[in-house]
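The primary structure of each chain is shown beneath.
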Amino acid sequence: MGVLWKLEPATAAKHRLYQRYLDAWWPILLQTSQRTGYSRPRVTLLDAFAGPGRYQDGEPGSPVFILDHLLRHDAVDRMHLSPRRVHLIFIEKDRARHERLLSELHAHFGPLKDLPVRVEVRRGEAGRDSLSVLDELGAWGNPILGIFDSWGSVNVPLHVMKRIAHNRSSEVITTFGPNWFSRREELNADILDMVFGGRDHWSAAADELRSDERWRVWLRTYRDALRRAGFGYQLQFELVPRTGQPLYLVFGTGSTAGLKAMKDAMWKVDDRDGESFRDLRTRGAEPEGQLDLFQAAGLADSELLELVTQRLTIGAASVETVGEWLLTESARWLPKHAMQAARQMRQDGLIVVQSPGKLTTKSRVTLQAQVRA
């Protein structure tokens, strides 16, 4: 691949997702608590596959838009930026792309040493050098967001993810390119061992022959790897653009607040390009755009109904419990959508409300088919 390449529709949609997520992430971590007066002493963002900073047709790359959105954030006056407190690390392996990234950052922001945050642009490998740079900058003990957004093979060792997972208030985002799942035979088994934590953890995924199931199995396998690394919650989803090939993302966090922030970002992403987020757990439902008509009409779309049906197949549950399951197990759905689904499914005769009185989050519901059985 050359120094610059074309910005694909799925990548553009992913960038909007990142921007929305970071719009929430920065002030949550950097604003002083009104209740306690506490301010976090340091926050670090690591972009471990930084790229050249620009795409072929002039669109900004992730380091440029990440830094730009931080410096122009609506809450910047309340975030108390300083080079000691806020670190942005950009790692790029290729020499030419590394040099181009430095040039782009200087062109957009001037001398990096004069910025109100510390920006480190390093030439190195994500898997080999991420931990040493975090060590050098004293990042541990304070929040880290690690973005492992490679356009090629994912080759970051699981022990890197484990170190970040065990650092408080820290999260990771890993992306898989569209061809990753169909070209596993080209990857060295030792690399897969390093990424997934051993042969026993990925061999079943390698044996999956069905093309439409392969991406599901590999993403589920990587989600399990992040769980073993120590991330209490993991989201995995397919980002489907209107045109072009999809991208696949796995997000690891230790808090339900992190899950909600990421899902809120999904729902706020502008769908002018027709992107949508597809859940691994659904097979019959077609992915819908985030601004679909069902929202305006108060209806539940087919993916949500399929997911709630899956949960209730396990057994009866309260609407609140279903909502918690949607938050932690589904790609984009939030607890509030459980009530939306329950109303629709009751209207359609698909569920029975076991609790007397008005349908509430405490109401216990079960599938109609299970009642008949």
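The shown structure was predicted, so the numbers you read here are calculated from the model rather than taken from an experiment. (Residues numbered from 1 in each chain as written. Predicted model: local features only at pLDDT ≥ 70, side-chain atom pairs only at ≥ 80, totals over all residues. Heavy atoms only, no water.)

Caption draft 1: Quick look at the packing of aromatic side chains. Evaluation of the coordinates by the stated rule reveals nine aromatic pairs. With centroids separated by 5.7 Å and ring planes inclined at 75°, the aromatic side chains of Y21 and F251 adopt a geometry described as edge-to-face. Taken together, the positions of Y21 in helix α1 (residues 9-30) and F251 in strand β7 (residues 247-253) put the pair 230 residues apart, joining distant regions of the chain. Look at Y21 and you get buried, because its relative accessible area is 2%. Taking 5.6 Å as the distance between ring centres and 75° as the angle between the ring planes, the aromatic pair formed by F237 and F277 counts as edge-to-face. Residue F237 is located in strand β6 (residues 233-240), and its partner F277 is located in strand β8 (residues 276-279); the two are separated by 40 residues in the primary sequence. Per residue, the accessibility class of F237 equals that of F277, and both read buried. Over the aromatic face of W140 sits the side chain of R163, whose NZ or CZ is 4.0 Å from the ring centroid. (Phe/Tyr/Trp six-rings, centres within 6.5 Å; stacked < 30°, edge-to-face > 60°. Helix = DSSP H or I, 4+ residues; strand = E, 2+ residues; numbered from the N terminus. Buried < 20%, exposed > 50% of the residue type's maximum accessible area, 1.4 Å probe, protein only. Lys NZ or Arg CZ within 6 Å of the ring centre and 35° of its normal.)

Caption draft 2: Molecular detail of unusual backbone geometry. Residue H80 is not a glycine yet carries a positive backbone phi of 50°. Summarising the element assignment, H80 is placed in the loop between α2 (62-71) and β2 (86-92). Positive phi values are uncommon outside glycine, yet S169 reaches one of about 55°. Turning to its location among the elements, S169 is positioned in the loop between α5 (158-165) and β5 (171-176).

Caption draft 3: Expanded view of helix α11 (residues 302-314). Between its first and last C-alpha, α11 extends 19 Å over 13 residues, near the 18 Å set by a 1.5 Å rise per residue. Looking one or two residues beyond α11, the residue adopting positive phi is G315, at roughly 155°. (Expected span 1.5 Å × (residues − 1).)

Caption draft 4: Summary view of helix α9 (residues 256-268). End to end, α9 covers 18 Å across 13 residues, agreeing with the expected 18 Å (1.5 Å per residue, within 8%). Among the residues of α9, G258, L259, A261, M262, K263, A265, M266 and W267 are the ones counted as buried.

Caption draft 5: Focus on the pairing of strand β11 (residues 364-367). As paired elements, strand β9 (residues 317-318) and β11 share two bridges and run antiparallel to each other. When the bridges of β11 are listed, S318 appears paired with R364. As paired elements, strand β10 (residues 351-353) and β11 share three bridges and run antiparallel to each other. Its bridge partner lying in β11, I351 is registered against L367. (Pairing = 2+ DSSP bridges.)

Caption draft 6: Here's a closer look at the layout of surface pockets. Computed from the structure, the second largest pocket encloses a volume of approximately 250 Å³. Lining the second largest pocket are 17 residues, and of these I28, L29, E171, S255 and G258 lie nearest its centre. Elements supplying a minimum of two residues to the lining of the second largest pocket: α1 and α9. With four residues, the single largest contributor to the lining of the second largest pocket is α1. Here the lining of the second largest pocket is built from residues that sort into eight nonpolar, seven polar and two charged. (1 Å grid on protein atoms, 1.4 Å probe; cavity = no way out; pocket = protein on both sides within 12 Å on 5 of 7 lines; lining within 4 Å. Points joined across faces, edges and corners; volume = space filled by probe spheres on them. Nonpolar A, V, L, I, M, F, W, Y, C, P; charged D, E, K, R; others polar.)

Caption draft 7: Layout of the pairing of β8. Every second residue of β8 is oriented toward a common face, with S276 and R278 on one face and F277 and D279 on the other, all of them buried. Note: β6 against β8, four bridges, orientation antiparallel. Bridged to L239 within β8 is F277.

Caption draft 8: Spatial organisation of the confidence of the model for the protein. Averaged over every residue, the pLDDT of the protein is 89; the share at 70 or more is 90%. Between residues 287-297, whose pLDDT stays under 50, and residues either more than four places distant or in other chains, the model counts 26 contacts. (pLDDT = per-residue confidence, 0-100. Contact = heavy atoms within 4.5 Å.)

Caption draft 9: Seen up close, the side chain of R223. Note on placement: R223 falls in helix α8 (residues 211-229). Discounting residues that sit within four places of it in the chain, R223 has contacts with Q234, Q236, V250, R281, T328 and E329.

Caption draft 10: Quick peek at the packing of helix α6 (residues 189-196) against helix α7 (residues 199-206). Orientation of α6 relative to α7, taken along the N-to-C sense of each, is 115°, at an axis distance of 8 Å. Judged on the interaxial angle alone, α7 and α6 are roughly perpendicular. In the packing of α6 onto α7, the handedness of the crossing is right-handed. Touching A189, D190, L192, D193 and F196 of α6 are R199, H201 and W202, all from α7. Per-class residue counts for the contact of α6 with α7 are four nonpolar, one polar and three charged. (Axes fitted to C-alpha atoms, helices over the stretch in contact; angles between N-to-C directions. Parallel < 35°, antiparallel > 145°, perpendicular 65-115°, else oblique. Left-handed = near helix turned anticlockwise from the far one by under 90°.)

Caption draft 11: Molecular detail of the sheet that holds β9. Strand order in the open sheet formed by three strands is β9-β11-β10, with antiparallel pairing between adjacent strands. With partners counted over all chains shown, the strands left at the sheet margins are β9 and β10, one partner each. Strands in contact with α11 are β9, β10 and β11; relative to β11, the strand with the most contacts, it is inclined by about 95°.

Caption draft 12: Quick peek at the pattern of salt bridges. All told, the structure shown has 25 salt bridges when counted by the stated rule. The closest approach of N and O atoms between E104 and R100, which form a salt bridge, is 2.9 Å. You can see E104 and its partner R100 sitting in helix α3 (residues 95-109), four residues apart, about one turn around the helix. R100 sits in the partly exposed class, given a relative accessible area of 29%. With its nearest N and O atoms 3.3 Å apart, the salt bridge here joins D114 to K113. Considered together, D114 and K113 belong to a single accessibility category, that of exposed residues. (Salt bridge = Lys/Arg side-chain N within 4 Å of Asp/Glu carboxyl O.)

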